[in-house]
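Residue strings, one per chain:
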Amino acid sequence: MARPPLILLFLSLLALAFVSGSTASLRKKVGIYELKKKDFSVKVTNWGATITSAVLPDSKGNLADVVLGYDGIGPYINDTTYFGGLVGRVANRIARGRFVLDGKVYRLFINNGINSLHGGHRGFSQVSWTVTEKVDGEFPYITLYYHSFDGEQGFPGDLDVYVTYKISSSYELSVYMNATALNKATPVNLAQHSYWNLGGHDSGTILSHSVQIFGDEYTPVDGNLIPTGKIIPVSGTPYDFRRPMMVGSRIQELTYGYDLNYVLNSPRNFDGMREVAVVSDARSGRELKIWSNQPGVQFYTGTYLSNVTGKGGYVYGKYAGLCLETQDFPDAVNHPNFPSEIVNPGEVYKHNMVYKFNF
Ligand SMILES: *[C@@H]1O[C@H](CO)[C@@H](O)[C@H](O)[C@H]1NC(C)=O
Ligand SMILES: *[C@@H]1O[C@H](CO)[C@@H](O)[C@H](O)[C@H]1NC(C)=O
Ligand SMILES: *[C@@H]1O[C@H](CO)[C@@H](O)[C@H](O)[C@H]1NC(C)=O
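The paragraphs below set out a description of the structure included in this document. These numbers come from a predicted model, not from an experiment. Every residue gets a number counted from 1 within its own chain, in the order that chain's sequence is written. Each chain takes a letter, starting from A, and each ligand takes a number, starting from 1, following the order in which they are written. Reporting in this predicted model follows two pLDDT cut-offs: at least 70 for local features of residues, and 80 or more for side-chain atom pairs to be given and counted; totals over whole chains, interfaces and linings ignore these cut-offs and use all residues. Hydrogen atoms and water are omitted, and side-chain values are computed over all heavy atoms in the structure.

1. A closer look at the site of ligand 2
Phase 1 of the analysis: Near ligand 2 the following residues occur: Thr143, Tyr162, Thr164, Asn178, Val348 and Lys350.
Phase 2 of the analysis: Measuring from an oxygen atom of ligand 2, one finds a side-chain N or O atom of Asn178 at 2.3 Å.
Phase 3 of the analysis: Surface accessibility follows the Shrake-Rupley procedure with a 1.4 Å probe radius. Residue values consider only the protein chains on display as shielding. Contact with the protein chains hides 49% of the accessible area of ligand 2, taken as 360 Å² for the molecule alone. Here a residue is near a molecule or strand as soon as one of its heavy atoms is found within 4 Å of it. A 3.5 Å cut-off defines polar contacts: any pair of N or O atoms within that distance qualifies, except that in protein one atom must be a possible hydrogen donor and the other a possible acceptor, and neighbouring residues in sequence count only when both atoms are side-chain atoms.

Structure, rendered in structure tokens:
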């Protein structure tokens, strides 16, 4: 006789906790959130923890949105370009979607030829995250949370993932990611996949942008875009961006433009942050500097963009934007000589980045 009322009480307490929790801070409903500091505005949606726009002035004071994307959220749902998304559980390719960990063979969702790419069919850029915090003020930020379940897209173990986007200084966007493995060892490699065009998302190609990458070596790939395991100098190749070089200078020498992982030079700062790259656009006067604590950066020139209709109806063709995705080396889980991307139960993966704009 006493049981039903107790259960009812318990359920109503639970409901109360849920309601107060949801009104206080937890928002899973998909929306677009703006971080704004003076005339610098960054918009983020909790669909895929995606950056949908970044607006800032050029050297003449004209504002433009410098990331490629869509109007509204709808087109992001089935997007295959990864515009602005936070990709995971493992960014980049895993050969044949297969790896062995603690003696067990794992098979992932195959979504890129014979490989798994960017976490599979419904990776972290293709799921709804929960907004745990959104704070305005001098340094506005938003924190998003995603619980990835054991077996999701084939990956082992439950994983709690957080990403915070924060305007940490004038015209500076910081990204803080962490992921805690709850019960099984798992590979983790998160990457921010924004496509930048410093002339404005609708200004044409990035071929006249100048790029400098602080990596003396790269990881060459085979015909399936999987690293061979070698680490070789960029010196004497079209991949040499050690000094600023126009993207278009040597791109004709490459069949598919740039889509490769650079081995970043050693950290020089006390906190392990490395200089990653500097991108500049002489026409607009805008410059983007990137730092991160990761060992590699994938440089991709949007070669596979095939006339995708984006914001304002603008059509993004080949080379409409470039990506600099800081991360672990591609397919690290199958290459013992690459830095390990395995996170053991109880351990925390941490990935920090800074995007600093000048104009
Ligand atoms: C996404 O694709 C699925 C399957 O093709 C379809 O049912 C759904 O309507 C699409 N969603 C959007 C927002 O386009
Ligand atoms: C991960 O980030 C969230 C949001 O900033 C923070 O609350 C949490 O403490 C972090 N987790 C770890 C283990 O550092
Ligand atoms: C994209 O559009 C351009 C201009 O109309 C055209 O030359 C090109 O072939 C198209 N590319 C693809 C992949 O459809």
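Further notes follow.
2. Side note on the packing of aromatic side chains
Phase 1 of the analysis: For Phe, Tyr and Trp, rings pair up if their centres lie within 6.5 Å, where Trp contributes its six-membered ring, and each pair is then called stacked (planes under 30 degrees apart), edge-to-face (over 60) or tilted (otherwise). Applying the stated criterion across every chain, the model contains 25 aromatic pairs.
Phase 2 of the analysis: Note on Tyr239 and Tyr258: the rings are 6.2 Å apart at their centroids and 75° apart in plane angle, and the pair reads as edge-to-face. Residue Tyr239 is located in the loop between strand 18 (232-233) and strand 19 (245-246), and its partner Tyr258 is located in the loop between strand 19 and strand 20 (259-263); the two are separated by 19 residues in the primary sequence.
Phase 3 of the analysis: Following the ring pairs from residue to residue traces out a cluster consisting of Tyr70, Tyr76, Phe83, Tyr195, Tyr256, Tyr300, Tyr304, Tyr314 and Tyr316.
Phase 4 of the analysis: Both a distance and an angle decide whether a charge sits over a ring: NZ of Lys or CZ of Arg must be within 6 Å of the ring centre and within 35 degrees of the ring normal. Its guanidinium or amino end placed over the ring of Tyr106, Lys104 lies 4.7 Å from that ring's centre, counting from NZ or CZ. By definition, any uninterrupted DSSP run of H or I lasting at least four residues is a helix, any uninterrupted run of E lasting at least two residues is a strand, and each is numbered from the N terminus.

3. What about the sheet that holds strand 1 (residues 32-37)?
Phase 1 of the analysis: Two strands make a pair as long as DSSP finds a minimum of two bridges between them. Taken in spatial order, the four strands make up an open sheet running 1-2-3-4, and their pairing is antiparallel. Strands at the two margins of the open sheet, each flanked by one partner only, are strand 1 and strand 4 (63-65). When the angles between neighbouring strand axes are averaged without regard to direction, this sheet yields 15°. Structural elements are reduced to axes, namely lines fitted to C-alpha atoms, with helices fitted over the stretch in contact, and the angle between N-to-C directions of any two is expressed from 0 to 180 degrees.

4. Re the sheet that holds strand 13 (residues 172-181)
Phase 1 of the analysis: Spatially, the nine strands line up as an open sheet ordered 10-11-12-13-28-22-21-16-19, and their pairing is antiparallel. Where the open sheet ends on each side, the last strands, each with one partner, are strand 10 (130-135) and strand 19.
Phase 2 of the analysis: Of the strand pairs in this sheet, strand 11 (residues 141-148) and strand 12 (residues 159-169) are connected by eight bridges, and their pairing is antiparallel. Bridge pairing links Tyr145 to Tyr162 in strand 12.

5. Points about the pairing of strand 26 (residues 323-327)
Phase 1 of the analysis: Among the five residues in strand 26, five count as buried, and that is most of the element.
Phase 2 of the analysis: The alternating pattern of strand 26 places Cys323, Glu325 and Gln327 and Leu324 and Thr326 on opposite faces, both of which are buried.
Phase 3 of the analysis: With five bridges joining them, strand 23 (residues 296-300) and strand 26 adopt antiparallel strand pairing. In the strand pairing of strand 26, Gly296 is matched with Gln327. Buried, partly exposed and exposed residues are distinguished by accessible area as a fraction of the type maximum, computed with a 1.4 Å probe on protein chains only: under 20%, between the cut-offs, and over 50%, respectively.

6. Considering the side chain of Thr237
Phase 1 of the analysis: Its place among the elements puts Thr237 in the loop between strand 18 and strand 19.
Phase 2 of the analysis: Owing to a relative accessible area of 15%, Thr237 belongs among the buried residues under this scheme.
Phase 3 of the analysis: Of the polar contacts made by the side chain of Thr237, one reaches the backbone oxygen of Val234; its length is 2.6 Å.

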